[in-house]
Amino acid sequence: MSSPLAIHGGPPAVRSAAPQVTWPPLDVGRAVAVTAQLCTRVSPPGRGGVIAELEGGLAEFFGVRHAVLTSSGTAALHAAYSALGLADGDEVIVPAYTAHPTATPLFHLRAKPVLVDCDELGNLDPLGVEAAITPATRAIVVTHLWGVPARIEALAEIAERHGLRLVEDGSHAHGAAVGGRRVGTFGDVAAFSAGGTKPLSAGEGGFVLTDDDDLYYGVLLHGQDGARCRAEIPIDHPLRRYAVTGTGLAQRMHPLGAAVALGQLGELDRRLGGRRQLAARMIAELRGLPGISVPEVPARSAPAWYALALLHRPEELGGLPVDALVAALRAEGCLEVEHPRSPRPLNEHPLFDAPNRIFPNLPEGWPRYRAGQYPRAERRHRNTLTVRVPHDDPVLAEGYVRAFRKVIAHHRALIEPAP
Ligand SMILES: Cc1ncc(COP(=O)(O)O)c(C=O)c1O
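First, a word on scope: everything that follows refers to the structure included in this document. Being a predicted model, the structure only gives us computed values, none of them experimental. (Residues numbered from 1 in each chain as written. Predicted model: local features only at pLDDT ≥ 70, side-chain atom pairs only at ≥ 80, totals over all residues. Heavy atoms only, no water.)

## Focus on the site of the ligand
For the record, the criterion: Think of it this way: one heavy atom of a residue within 4 Å of a molecule or strand is enough to make that residue near it. Polar contact criterion, stated in full: a pair of N or O atoms within 3.5 Å, where within protein one must be able to donate a hydrogen and the other to accept it, and residues adjacent in sequence count only if both atoms are side-chain atoms. Per-residue accessibility takes into account occlusion by the displayed protein chains alone, with areas from the Shrake-Rupley method and a 1.4 Å probe. Residues are grouped as follows: nonpolar covers Ala, Val, Leu, Ile, Met, Phe, Trp, Tyr, Cys and Pro; charged covers Asp, Glu, Lys and Arg; every other residue, Gly included, is treated as polar.
Neighbouring residues of the ligand: 14 residues in total, closest G73, T74, D169, H172 and S193. One nitrogen or oxygen atom from the main chain of G73 is found 2.8 Å from an oxygen atom belonging to the ligand. Here a nitrogen atom of the ligand and a side-chain polar atom of D169 are 2.6 Å apart. Burial of the ligand by the surrounding chains reaches 82%, relative to a free accessible area of 390 Å². Across the shell around the ligand, the residue classes tally to three nonpolar, nine polar and two charged.

In structure tokens, the structure reads:
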């Protein structure tokens, strides 16, 4: 075989060892802080210590009045929806293309997710949202997919015009901004995951942001302990009588997780700046290559680049399947490239087609979603490949660009059978 591609035995374009992008960035300082927390208190009651510090830091970072730490992003979304009072039969507009936890808490509240297709960046399409509003619509939920801000100003305007609540799922987009304003501050309430490799990570965890006191108290009742709810919900507030039990759920963040996240917060803007520089360089170098589209992000948007999502155009590469492209890139040493299985079009999940099998109490008339109903989301999902963007490794970023060029230049060798 004459192909120089690494998948056929040629020399790889990138030689760095795994893991090539280490995230969250954990250093000795974090190890010391986590150990100190371990020795001080592993189960602080109420809102104290590292929990108060991280919540205060988040409120300041985002410029909001309230931040509440939760056990996961899913718990944060559940608390936000519940605090908004979403219930039986309320319709909630949800991106068809997102991670399933953006919508799944709605099933538990018996509120209906109404899926809307995506725009050219994979985010919720404002035009589709307008068309999906009915008298039963109560809220719009928007994800900033892969850390690229959605058209949040247009969505906020639609929400306001129709008297709807706006929820941001900022799980991919900590620190992303539009026109200098951070995402997570455009709606009534925002929920973030702080799990895994999210831009701000506690390992496992999440948080809710809001400026609204009533929503804040509702969120507190959805997982924080009685001591905290009694201390924070005013004596004359209608929710105060529930302070001891709340909604009966326990969804607090672990203080060791909070210690993991706290040290990253002060460095987040600087590191995102590094990511933005390297993402911009990669985009400029990859733009115009056959078979690949780069995201064309409006100048006012500053993404968090949870990942750089590229769109494969197989028709320009002789029908090369995306998995074959990814396999060839990984063989070239691009270990941080993948064809992600999640997020995916929600209509393709069995839960969105036949929820009654596992939620028998859902009312009749629940929408049944099927594959084929959201063509833009489905096409995008089929053809997306993601690249994790380093914040401080220009050599790796250049190596990835070299690998893309090489694989695309020799793509025929991936299609034609070996002689
Ligand atoms: C967009 C989005 N929303 C919500 C979640 C749920 O977060 P968690 O896994 O922390 O519950 C995720 C998780 O990856 C996500 O990608």
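## A look at the environment of P113
Condition: The helix count covers DSSP runs of H or I at least four residues long, the strand count covers runs of E at least two residues long, and both are numbered beginning at the N terminus. Exposed residues in this analysis have more than 50% of their type's maximum accessible area, buried residues have under 20%, and partly exposed residues fall in between, with area computed by a 1.4 Å probe over protein chains only. The criterion used for residue contact is that any of the two residues' heavy atoms lie within 4.5 Å.
Relative to the elements of secondary structure, P113 occurs in strand 4 (residues 112–116). Among the residues examined, P113 registers a relative accessible area of 1% and is labelled buried. Sequence-wise, P113 and L385 are 272 residues apart; in three dimensions their C-alpha atoms are separated by 27 Å. In contact with P113, not counting residues within four places along its chain, are V92, V94, A103, L106, F107, F352, W366, P367 and Y369.

## Considerations on the sheet that holds strand 10 (residues 206–210)
We count it as follows: Think of it this way: DSSP has to see at least two bridges between two strands before they count as a pair. Axis geometry follows a simple rule: fit a line to the C-alpha atoms, using only the stretch in contact for helices, then measure angles between N-to-C directions, giving values from 0 to 180 degrees.
The seven strands are arranged 1-10-9-6-5-2-4 in an open sheet whose pairing can be described as mixed. What marks the edges here is a single partner per strand, and that holds for strand 1 (66–70) and strand 4. Geometrically, the sheet is characterised by an average inter-axis angle of 20° between neighbouring strands, direction not taken into account. Relative to strand 5 (residues 137–143), strand 2 (residues 91–95) runs parallel, the two sharing three bridges. Among the inter-strand pairings, I93 is bridged to a residue of strand 5, identified as I140.

## Some remarks on unusual backbone geometry
Cis peptide bonds are those with omega within 30 degrees of zero, and the linkage from W23 to P24 qualifies with 0°. Along the chain, P24 turns up in the segment before helix 1 (28–40). In the segment running from S342 into P343, the intervening peptide bond is cis, with an omega of -5°. Unlike most non-glycine residues, R110 shows phi in positive territory, near 65°.

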